[in-house]
Amino acid sequence: MPAWALLVAAAVGLCFAARGAQDPLGSASSQPVPVNPDASAPLPSVLDDTIEGTDELDDESTLEAALGEDGTPAKPAEVKEVPAAAANAVVQHAKHPEGLSLLRKARLEGKGDEKVYVAPLPSGREAKLTLNPRLQEQMQKLFALYKPQQGAMVAIDPKTGKILAMAEFDKEGKSAGLATRPLYPAASVFKIITGAALLEKGISPDEETCYHGGLRGIVGKLLEDKPRVDRRCLSLSMALAKSANVVFAKMAVKHLDGAALREEAERFLFNRPIWDQPVEQSSAAIPDGGLAFAKSAAGFGQVKLSPLHAALIASAVGNGGLALEPTLIDQIDGQPQQPSASTRLLKGETAAALRDMMKNTVTSGTATSSFRERGRSVLGDIAVAGKTGSLSNHEKPFKDYSWFVGFAPADDPQIAVAAVVVNGLKWTIHAPYVAREAFRAYLVGGSLGQPPVARTHRSRRHRRH
């Protein structure tokens, strides 16, 4: 891979498709930085950062660590990449504009509703960027206010592929690439892929699986059907909404195998290029069977995901299964730039079923409290479809990962969002709150709302005094 591609893959800058522009590739010496909302202020310095450590499995609450019945996990099977030239691959572009410089040189022009981000191209022409100024500023403000260990969010227009916001934060100032690199365990976000595979096998969203034990823990004995003790049941739809690990594990063992789940993951752009964008691929190593396969299907295998990729997954589900190539360029010298490539990740009927299942996450599942204030929906009548994920790494230093991916309005999406937040033992915000505020800023307007934890602590303080 050429040096410029390696640099882009390690940084926040995407080299977006030129769509006919004749600008040369960016210089390998350029250093990308987040878009600066204040062109008069110095741009912050950023460095690459990676997250290390072993992931202990923990979704929505502590997940029991477990091995197979023989005391060893199943051996992961080899994962093969889908070649870019395959029949279902997308168009490959001849060249990209200087994406690094676009981000580094971006400046905010205009006032009020007329604000736009613009950046000069090497040829002397000027690009108007797709970033939504209000959304971009609100997300940067949110991360700066609450200061998690790390945070990143990407927002995309599902119908055009235009990137509406790309915000990053690192408490130590090492934020470069957090939005575009697969640094984070996918956790229960991967249930979207498993859910799609089950739907395409003919499993109805209403089909129930009964279980015993807790919803979170996955051990070998819980995967067996035991009618005398399996007294609680959940449909596939509600298992997704409540992120029921054991139900997803049991359904995957019954109806899927490693090959089927690997194939589905590859359809969703794991282990393969995201078009010809020079960014790191999200990886999914799916074992062939056993307890390790069951845990992977529930979201706790060796799967790494980038916020950019997660936003594309949400966009595709919201857009009837069709994903458009992400782009940062809206116009060049006043000439609109049209979407350049697309690929179908899943069937339209599968996407519609997933959309309805994901609505339950916000109305009656794991994200319900995050989207409400004082007993009311923060977004009014706007329906949201989404999926949460959480996982804790208990090695030092402790890391708590949280995800939210989704889109709104659910039945006619205008924005798809992926947010990830990394906290320590003490936390300030989680990803569902970040996503909620992104939806609010783009669809409703108004100032930032308080995260659920802040409201809870304040109300307790009032009662105590």
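Structure first, text after, so check above.
Quick caveat: nothing in here was measured; it's all calculated off a predicted structure.

Definitions and cut-offs
- Residues numbered from 1 in each chain as written.
- Predicted model: local features only at pLDDT ≥ 70, side-chain atom pairs only at ≥ 80, totals over all residues.
- Heavy atoms only, no water.
- Axes fitted to C-alpha atoms, helices over the stretch in contact; angles between N-to-C directions.
- Helix = DSSP H or I, 4+ residues; strand = E, 2+ residues; numbered from the N terminus.
- Parallel < 35°, antiparallel > 145°, perpendicular 65-115°, else oblique.
- Left-handed = near helix turned anticlockwise from the far one by under 90°.
- Contact = heavy atoms within 4.5 Å.
- Nonpolar A, V, L, I, M, F, W, Y, C, P; charged D, E, K, R; others polar.
- Pairing = 2+ DSSP bridges.
- Disulfide = S-S within 2.5 Å.
- Buried < 20%, exposed > 50% of the residue type's maximum accessible area, 1.4 Å probe, protein only.

### Brief notes about the packing of helix H4 (residues 191-200) against helix H10 (residues 348-363)
Here is step 1 of the chain: Where H4 contacts H10, the axes come no closer than 10 Å and their chain directions differ by 130°. Considering their axes alone, H4 and H10 lie oblique with respect to each other. As for how H4 packs across H10, the hand of that crossing is right-handed. Contact with H4, carried on its side by Ile192, Gly195, Ala196, Leu199 and Glu200, involves Thr350, Ala353, Leu354, Met357 and Met358 of H10 and no other residues of that element.
Here is step 2 of the chain: Class assignment for the residues of the contact of H4 with H10 results in seven nonpolar, two polar and one charged.

### Some words on the sheet that holds strand S11 (residues 283-285)
Here is step 1 of the chain: With antiparallel pairing, the three strands of this open sheet are ordered in space as S8-S12-S11. Each edge of the open sheet is held by one strand with a lone partner, namely strand S8 (184-185) and S11.
Here is step 2 of the chain: Where S11 lies against strand S12 (residues 302-305), three bridges are found, and the strand directions are antiparallel. For Ala285, the partnering residue across the bridge sits in S12 and is Gln302.

### Some details on the state of the cysteines
One way to say it: the disulfide is the covalent bond shared by the sulfur atoms of two cysteines.
Here is step 1 of the chain: Applying the stated criterion across every chain yields a total of one disulfide.
Here is step 2 of the chain: Across the disulfide from Cys210 sits Cys233; the S-S distance is 1.9 Å. Note on the Cys210 and Cys233 pair: the S-S dihedral is about 90°, so by sign convention the disulfide is right-handed. Residue Cys210 is located in strand S9 (residues 208-211), and its partner Cys233 is located in strand S10 (residues 232-235); the two are separated by 23 residues in the primary sequence.
Here is step 3 of the chain: Judged by its relative accessible area of 27%, Cys210 falls in the partly exposed class.
Here is step 4 of the chain: Since its relative accessible area comes to 31%, Cys233 is described here as partly exposed.

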